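A closer look at the structure
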Amino acid sequence: MKRPIAISDSANFYVSAERIFDPTLKNVPVIVLSNNDGCAVARSDEAKALGIKMGEPLHLLQDKIKAHGVRVFSSNYTLYGDISRRVVEVYEDFTPNVEIYSIDECFLDFGGFKDRDKHARAMRREVLRLIGVPVRIGIAPTKTLAKCANDIAKKNPIFGGVLDVMDDALATWLLPMVPVGDIWGIGCKTDAKLQKLGIYTAADPRDMPTKQARAVGSVVLERTVLELQGEACLAFDDIEPQRKGMAVTRSAGTPMKDFDTVFQAVTAHATRAAEKLRQHGLVAGTLTVFFHTNRHRLDRPQYSGSRSTRVTPMSSDTFDLVEAARRCAQAAWPKGEGQAFGFTKAGIMLADLIRFEDRPLTLFDVEKPKSAALMSALDQVNNRFGMKTLVLASEGMKRPWQLRSDHRSPRYTTRLTDLPVVR
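Because the structure is predicted, anything quoted here is derived from the model rather than measured.

1. With respect to the sheet that holds strand 1 (residues 5-10)
The sheet built from 5 strands is open, its strands ordered 5-6-1-7-8 with mixed pairing. Of all the strands in the sheet, the pair left with one neighbour each is strand 5 (98-102) and strand 8 (162-164). Along the sheet, successive strands turn relative to each other by an average axial angle of 15°, direction set aside. Note: strand 1 against strand 7 (residues 135-140), 6 bridges, orientation antiparallel. Bridge assignment links serine 10 to a residue of strand 7, and that residue is valine 135.

Right under this line is the structure:
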């Protein structure tokens with residue numbers, strides 16, 4: 001018996017999250033912008049109908065925005081992350097195993113349900129009732145086929161948001177509706193190669209010899225072909241794998257022109273990375289700091305700095321990570337005086353992550369019981385009174401490096417001051 005795998009994704013997720021708390025956004029064109037309000041990264045169906053494309057810069061959309069009353073929002077990641085968490089909680093009431101694939105997509109174990117279609121539709125109704133986000137669900141014996149089913153359900157209203165292709169004959173009939181370039185795991189270059197071979201839809205690769213698939217697109221395409229044939233090659237992760245790395249990066253709202261400003265941003269990113277480590281019960285063994293100028297501004301001086309260091313002993317202590325980050329930032333800083341660089345992005349990357357209890361100890365390690373208590377107190381205060389209630393002094397107070405977000409909505413679900421008020 002083949003194991004049914006479902007994938008559920010939220011429709012225009014960022015836009016849907018904004019619409020939960022603002023009824024005036026219903027049936028009007030809405031776009032959500034990328035970091036620093038650069039370009040459109042989420043569009044309502046109404047905005048798509050106006051010809052607004054994914055990744056289109058905001059400054060090129062001004063005429064359409066004025067002519068059609070397009071509502072514009074900055075990315076509100078705090079809100080989107082919390083809404084995503086709430087959606088997953090509903091999924092967990094309908095299946096024993098949920099694998100989070102992205103902020104708006106989850107693979108679900110649908111094994112053991114007699115009427116999968118009915119079960120999926122009940123889950124879809126419950127997500128809409130409790131959270132207010134519409135979702136679409138594809139069901140199949142492999143992840144790749146489930147993604148294809150989801151794509152078909154998304155684009156064809158006749159399926160009512162749910163499509164089950166566990167039946168091979170049904171899959172054979174429907175796969176011609178999916179362009180080969182839309183298949184999960186097939187990029188632009190592989191798409192071009194396949195089209196030259198006369199392969200245009202998801203139905204065509206099913207008959208492709210696996211040796212030919214490997215020659216055209218490596219083992220990745222070979223695996224995709226097998227998945228389209230119904231052979232599961234991508235395991236369903238019943239247990240979430242331990243994270244091996246972590247990154248916290250942000251673009252700056254205004255160019256950072258001196259070391260103190262760059263280090264304020266680096267401190268903030270290292271602080272957030274340390275919080276994430278403690279949330280997952282992990283410690284880091286390697287830390288990397290990077291910062292760079294705007295690569296697209298060829299009329300300006302360019303510089304990219306990056307340095308890594310070992311964190312010894314391995315740690316999740318905010319002070320340890322910030323001190324390591326300072327050493328890296330100082331080593332990566334451009335030499336000489338009067339450099340006219342304006343750094344537009346900085347970040348922290350952590351590697352060699354292991355669980356706290358598994359961390360290696362050395363002969364000269366010194367126990368720091370006060371450090372653990374201090375970090376616990378820091379996290380409790382910030383959890384209770386809001387992020388950034390307590391920060392390190394090196395993070396600064398004015399924070400000129402913060403992202404530009406001129407159109408951000410309130411953080412309705414995570415800040416008491418932003419709770420919606422009914423009058």
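There's more to say after this.
2. Some details on the packing of helix 10 (residues 259-280) against helix 11 (residues 318-332)
Where helix 10 meets helix 11, the closest approach of the two axes is 9 Å, and the angle between their N-to-C directions is 145°. In terms of crossing hand, the pair formed by helix 10 and helix 11 is right-handed. Across the interface between the two elements, Phe259, Phe263, Val266, Thr267, Ala270, Thr271, Ala274, Leu277 and Arg278 from helix 10 touch Thr318, Leu321, Val322, Ala325, Arg326, Ala329 and Gln330 from helix 11. When the residues that make up the contact of helix 10 with helix 11 are grouped by side-chain class, the tally is 10 nonpolar, 4 polar and 2 charged.

3. Some details on the domain arrangement of the protein chain
Segmentation of the protein chain into domains returns domain 1 (1-166), domain 2 (178-238) and domain 3 (245-395). In this assembly, 20 residues from domain 1 lie in contact with 16 residues from domain 2. Counting the contacts that link domain 1 with domain 2 gives 1 salt bridge. Lysine 155 serves as the salt-bridge partner of aspartate 182, at 3.1 Å between the closest nitrogen and oxygen. Counting across the domain 1 and domain 2 interface gives 5 residue pairs in polar contact (both at pLDDT 80 or more). Elements with a minimum of two residues in the side of domain 1 that touches domain 2: strand 5, strand 6 (105-109) and helix 6 (143-155). It is helix 6 that contributes the most residues to the side of domain 1 that touches domain 2, 8 residues altogether. Taken together, the residues of the side of domain 1 that touches domain 2 break down into 9 nonpolar, 3 polar and 8 charged.

4. Considering the packing of aromatic side chains
We describe a pair of aromatic rings using the distance from one ring centre to the other and the angle between the two ring planes. Enumeration over the complete set of coordinates arrives at 18 aromatic pairs. Relative to phenylalanine 341, the ring of tyrosine 303 has its centre 5.4 Å away and its plane inclined at 40°; by these criteria the two rings are tilted. With tyrosine 303 in the loop between strand 10 (282-293) and strand 11 (304-315) and phenylalanine 341 in the loop between helix 11 and strand 12 (343-351), this residue pair connects regions lying 38 residues apart in the sequence. The exposure class of tyrosine 303 is partly exposed, given its relative accessible area of 24%. A relative accessible area of 9% places phenylalanine 341 in the buried class. Ring geometry for phenylalanine 341 and phenylalanine 343: centres 6.0 Å apart, planes at 40°, overall tilted. You'll find phenylalanine 341 and phenylalanine 343 in the same group, each marked buried. Ring-pair connections join several aromatic residues into one group, and the members of that group are Phe259, Phe263, Phe291, Tyr303, Trp333, Phe341 and Phe343. Over the aromatic face of phenylalanine 107 sits the side chain of lysine 143, whose NZ or CZ is 4.6 Å from the ring centroid.

5. Concerning the pattern of salt bridges
For the coordinates displayed, the defined rule picks out 22 salt bridges. For arginine 71, the salt bridge identified is with aspartate 22, shortest N-O distance 3.5 Å. Placement of arginine 71 in strand 4 (residues 71-73) and of aspartate 22 in the loop between helix 1 (13-20) and strand 2 (30-33) is noted, with a sequence separation of 49 residues between them. In this structure, lysine 155 engages aspartate 151 in a salt bridge whose closest nitrogen and oxygen atoms are separated by 3.4 Å. Of the two residues, lysine 155 and aspartate 151 are both situated in helix 6; the distance of 4 residues between them amounts to about one turn of the helix.

Reading guide: rules and limits
- Residues numbered from 1 in each chain as written.
- Predicted model: local features only at pLDDT ≥ 70, side-chain atom pairs only at ≥ 80, totals over all residues.
- Heavy atoms only, no water.
- Pairing = 2+ DSSP bridges.
- Helix = DSSP H or I, 4+ residues; strand = E, 2+ residues; numbered from the N terminus.
- Axes fitted to C-alpha atoms, helices over the stretch in contact; angles between N-to-C directions.
- Left-handed = near helix turned anticlockwise from the far one by under 90°.
- Contact = heavy atoms within 4.5 Å.
- Nonpolar A, V, L, I, M, F, W, Y, C, P; charged D, E, K, R; others polar.
- Domains from an automatic or database assignment.
- Salt bridge = Lys/Arg side-chain N within 4 Å of Asp/Glu carboxyl O.
- Polar contact = N/O pair within 3.5 Å; in protein donor to acceptor, adjacent residues only side chain to side chain.
- Phe/Tyr/Trp six-rings, centres within 6.5 Å; stacked < 30°, edge-to-face > 60°.
- Buried < 20%, exposed > 50% of the residue type's maximum accessible area, 1.4 Å probe, protein only.
- Lys NZ or Arg CZ within 6 Å of the ring centre and 35° of its normal.

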